[in-house]
Amino acid sequence: CAMLKLDHVGYLVRDAGGKKALMEGLLGFAFRYRLVREQPDNTNVLDFYDFEGGSIELVQSSNPRSMYNRFIAEKGEGIHHVAFQVEDMRATMAEWKAKGVRFTMDPPLGASGSRRAIITFTDPATSGGLVIELCQHLKEGEENPCWVKK
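Note that the structure is predicted; figures quoted are calculated from it, not measured.

### Points about the nonpolar core
Right, so step 1: Residues Leu 12, Leu 46, Val 59, Tyr 68, Ile 119, Phe 121 and Cys 135 are the most contacted members of the largest nonpolar core, which totals 16 residues.
Right, so step 2: Every element with two or more residues in this core is listed here: β2 (30-39), β3 (42-51), α2 (67-75), β6 (117-121) and β7 (131-137).
Right, so step 3: Counting residues in hydrophobic clusters, the runner-up holds 14 residues, among them Phe 84, Ile 118, Ile 132 and Leu 134.

Rendered as structure tokens:
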């Protein structure tokens, strides 16, 4: 098992744009980009801010019944997941499954937009109560492999 490298921390918010002063003004993080993922029943706005050693992802969801907004309704805005970079998603998932971890996205979700990473999340009931996101970044020009969910 290789040492994991922090990719980002996922922070669920009601209004991503409203956190700009906190991220840039107070914390000094640098805005990297906004990714908007539109689905028929929901739109997620993902704002990424960089800091030395990683980044923070602000997640804003338009659907009041989305898992993200249910989390906010129950616990308030806050940290939802910790994401780590992996070199080989399938090998890491197989290794973790052998240790009893289940994944909420299996197969993992393919890269989309400017976020060039294949992703999956652990079921927190099988990963010590922590939601862990695994990210396999695609290289420049590399396409999604056939084994990911489009």
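### Observations concerning the side chain of Asp 7
Right, so step 1: Within the element layout of this structure, Asp 7 appears in strand β1 (residues 5-12).
Right, so step 2: A residue is classified by how much of its surface remains accessible, and Asp 7, at 10% relative accessible area, is buried.
Right, so step 3: Apart from residues lying up to four places away in sequence, Asp 7 is in contact with Gly 54, Ser 55, Ala 83, Phe 84, Gln 85, Arg 115, Cys 135 and His 137.

### Remarks on the pairing of strand β4 (residues 54-61)
Right, so step 1: When you tally the buried positions in β4, you get seven out of eight residues, the bulk of the element.
Right, so step 2: Where β1 lies against β4, four bridges are found, and the strand directions are parallel. Within β4, the position partnered with Val 9 by the bridge is Ile 56.
Right, so step 3: As paired elements, β3 and β4 share eight bridges and run antiparallel to each other. If you follow Phe 48 over to β4, its bridge partner there is Glu 57.
Right, so step 4: Counting the residues in the hairpin turn of β3 and β4 gives two residues, including Gly 53, whose phi is positive at 95°.

Rules and cut-offs
All residue numbers refer to position in the chain's written sequence, counted from 1. Per-residue local features of the predicted model are confined to residues with pLDDT of at least 70, and side-chain atom pairs are confined, for both listing and counting, to 80 or more; whole-chain, interface and lining totals are unaffected and use all residues. Think of the side-chain values as coming from all heavy atoms in the structure, minus any hydrogens and water. The criterion is simple. A nonpolar core is a set of buried Ala, Val, Leu, Ile, Met, Phe, Trp, Tyr and Cys residues joined through side-chain atoms within 4.5 Å. Using a 1.4 Å probe on the protein chains alone, a residue whose accessible area is under 20% of its type maximum counts as buried, one over 50% counts as exposed, and one in between counts as partly exposed. Numbered from the N terminus, helices here are DSSP runs of H or I no shorter than four residues, and strands are runs of E no shorter than two. Whether two residues touch is decided by their heavy atoms; if any such pair falls within 4.5 Å, the residues are in contact. Here, strands pair whenever DSSP counts at least two bridges between them.

Take it as geometry only, folks, not as evidence of what the structure does.
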